[in-house]
Structures are given as structure tokens and as C-alpha cells.
Amino acid sequence: MPSVHHKDRNGHTPMHHTVFSLDTTTGKGGKVGVAVEMARTLVEHGADVDASEMASLRERVFKETGIEVSARDCVMYAVGRTLREAPELRGAGTRDGADVRARAATEDGGWIASFVTRADEKTLTEIAAEARAWEKKAREEDSSGPDARAGGSFSVVTLGALGVDAFAAVIDPPGVATVAIGAEKERVTLVDGRPTTTTTMTATVIADRRVADEADAARWLDAFAAQCRRASQWTV
């Protein structure tokens, strides 16, 4: 049976946050495999995000333009706009633009990397086109592409192709934050006491504590969730 979430009076699913710092010296929370010195400076914050508007937007864009926009493209758009609203997670020296990297798992067990410069200024289809160009380059070079790995201070990691609901991802150096996006799932929510189906995804942001604290991560994730709910207003 799907889980049931009540919506607030504005029709939005309340954010259910989990905030904790990683500490592999004690193994609390079962978080292991991260270098001890880095683990002492990380903040992790997760929440379920309403992705219904993004799913509808992808269908509309394909129907009207024939352009196939992925969930990853939508997340990169939302991340770019969110970094403009909440720049704390951009990192020092990058507050004039939002360059975003992305790594997506493939069904064959591999990874494909992409990179979008100034994602906070580009339309959704521009982001999709730039990401596809990086993917083409990566496939031709039979690697993730050194430029795609090296650019940007913020990363997006998606495991939707593998059906993973929620996970935590490492920060790609020299970045300062990463958001891990799980697969889109249908959940039952209550609106005015009546059940309805909502498409959600679990987003987990991991940030370097030297750049941002728990409050910064919480504000960023709230802004990201709000941006996703406004997908129908995005510039296509």
C-alpha cells in the first residue's frame, strides 16, 4: 500500500525533513565509506518533493515541440533557479552564476555525466540541449568527460533509472554541495479530505559545513521544493 501524506491548506505536501551530520568516526546512522576528515564537515538534509508539475511539463513540452526533456533536465533547471534564490550553496567565488554538473546512473550499471553553465539563466530546452551535448561527448570518448567532472560547484546525482527511492551522494571535488534525486514515485495524498495521486521524488542535499550549515541546507531544500511546484511557470 502507498503511504498517505496530508496536504496543507494551500494544497502542498508538507516537507518532512531529516537533518544530520555525517560522522564516520562513530558510524552513527550507518553512514560509512566517507573519508573521516570530510565526513566531519558534511551536512545532509532530505525531503520528499512534489514532482507532479515537472512530470506534466515534460509531457507538454514533448507534445508541443517534439523535444524530449528528462527528469534530470528539470532538476538541473530547478537547481539553477534555486541557487539564484539561495546562493549559500554555490560556494565562494561562484555567486554570479550557477554552473551545475550532473551524473545519472544508466540501466547497464554505468554513469553518464553532463554539465550546464549558468543554469540559472537558461531555458529548460537550452539546458536539455547542453546536457545532451555533454552526454554525446562522454559516449564518444567512452568516459564521463574530464570537463564535465571538473566544472561547477554544485552537482546533481540521479538514480531514477535504477528505481532507487532515496540515497546520499558524495560531493564531487571541487564542488561544495550535491543533491541526490531518487526515482519518481506515485503517492496517495489527501486534499480536502479526499485521496489523490501525487508524483513525488526524494531529494537529499549534502553540503560542506565550511560553506553552509543545517539552516542553509534546509532553506535551500525548501526553495528547491517550491521551485519544483512552480514548474508550470518555467521558461521553456
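From a predicted model like this one, the values you see are computed outputs, not experimental measurements.

Rules used in this analysis
- For every chain, the first residue of its written sequence is number 1, and the numbers climb from 1 along that sequence.
- Given that the model is predicted, a residue must reach a pLDDT of at least 70 before its local features are reported, and side-chain atom pairs must reach 80 or more before they are shown or counted; all residues, however, enter totals for whole chains, interfaces and linings.
- Hydrogens and waters are ignored; side-chain quantities use all the structure's heavy atoms.
- Across the chain, each position has a pLDDT score giving the predictor's confidence in that residue, from 0 to 100.
- By the convention used here, residues are in contact when the closest approach between their heavy atoms is within 4.5 Å.
- In this text, helices come from DSSP runs of H or I with a minimum length of four residues, and strands from runs of E with a minimum of two, each type numbered from the N-terminal end.
- Think of it this way: a Phe, Tyr or Trp ring, Trp meaning its six-membered ring, pairs with another when their centres are within 6.5 Å, and the plane angle makes it stacked under 30 degrees, edge-to-face over 60, tilted otherwise.
- Each residue is assigned to one of three classes by its accessible area relative to the maximum for its type, calculated with a 1.4 Å probe on protein chains only: buried under 20%, partly exposed between the two thresholds, exposed over 50%.
- Geometrically, a charge over a ring is one whose NZ (Lys) or CZ (Arg) sits within 6 Å of the ring centre while staying within 35 degrees of the ring normal.
- At least two bridges found by DSSP between two strands is the condition for calling them paired.
- Any pair of nitrogen or oxygen atoms within 3.5 Å is treated as a polar contact; in protein, a donor-acceptor pairing is required on top of that, and neighbouring residues in sequence qualify only through side-chain atoms on both sides.
- What is meant by a nonpolar core is a set of buried Ala, Val, Leu, Ile, Met, Phe, Trp, Tyr and Cys residues, joined one to another through side-chain atoms within 4.5 Å.
- We call a pair of cysteine sulfur atoms a disulfide whenever their separation is within 2.5 Å.

Let's shift gears to the confidence of the model for the protein chain. In the predicted model, the protein chain carries a mean pLDDT of 79, and 75% of its residues have values of at least 70. Taken together, the stretch residues 1-35 has pLDDT below 50 and engages in 71 contacts with residues farther than four places along the chain or on a different chain.

Along the chain, A113 turns up in strand β5 (residues 111-116). Separated by 12 residues in sequence, A113 and R101 have C-alpha atoms that sit 7.4 Å apart.

The description of an aromatic ring pair uses the distance of the two centres, along with the angle that the planes make with each other. Summed over all chains, the structure comprises 4 aromatic pairs. When the ring of F154 is compared with that of W220, the centres are 5.0 Å apart and the planes differ by 25°; the resulting orientation is stacked. Here F154, found in strand β6 (residues 154-158), pairs with W220, found in helix α6 (residues 214-229); they are 66 residues apart in sequence, far enough to count as distant. Neither residue differs from the other here; F154 and W220 are each classed as buried. Through a chain of ring-to-ring contacts, the aromatic side chains of F154, W220 and F224 assemble into a single cluster. Across from the ring centre of Y77, 4.0 Å away, lies the NZ or CZ of R81, which sits over that ring. R103 extends its terminal NZ or CZ atom over the ring of W111, reaching a point 5.1 Å from the ring centre.

Before going further, it helps to spend a moment on the pairing of strand β4 (residues 100-105). Counting buried residues in β4 gives 5 out of 6 residues, a clear majority hidden from the surface. Across 6 bridges, the pairing between β4 and β5 is antiparallel. Following the sheet pairing, A102 is matched in β5 by S114. Summarising the sheet, β4 and β6 pair through 5 bridges and their orientation is parallel. Within the sheet, the bridge partner assigned to R103 lies in β6 and is V157.

It is worth spelling out the side chain of T125 at this point. If you trace the backbone, T125 turns up in helix α4 (residues 124-141). Given a relative accessible area of 19%, T125 falls into the buried group. Within the structure, the side chain of T125 is placed 2.6 Å from the backbone oxygen of V236, a separation counted as a polar contact. If near-sequence neighbours (up to four positions away) are discounted, T125 is found in contact with V61, I67 and V236.

Of all hydrophobic cores here, the largest spans 45 residues; its most connected members are V79, W220 and F224. With 7 residues, helix α3 (residues 71-85) is the single largest residue contributor to this core. Those residues in contact with F224, other than ones at most four positions away along the chain, are V49, V75, A78, V79, T82, I181, M201 and A203.

Another point: the environment of V75. Relative to the elements of secondary structure, V75 occurs in helix α3. It is 9.4 Å that separates the C-alpha atoms of V75 and V179, two residues lying 104 residues apart in sequence. If near-sequence neighbours (up to four positions away) are discounted, V75 is found in contact with V156, I181, M201 and F224.

So, about the state of the cysteines. Under the defined criterion, the tally for this structure stands at 0 disulfides. Of the cysteine sulfurs around C74, a residue in no disulfide, the closest is that of C228, at 8.5 Å. By relative accessible area, C74 is classed as buried at 0%. Taking relative accessible area as the criterion, C228 reaches 0% and is therefore assigned buried.

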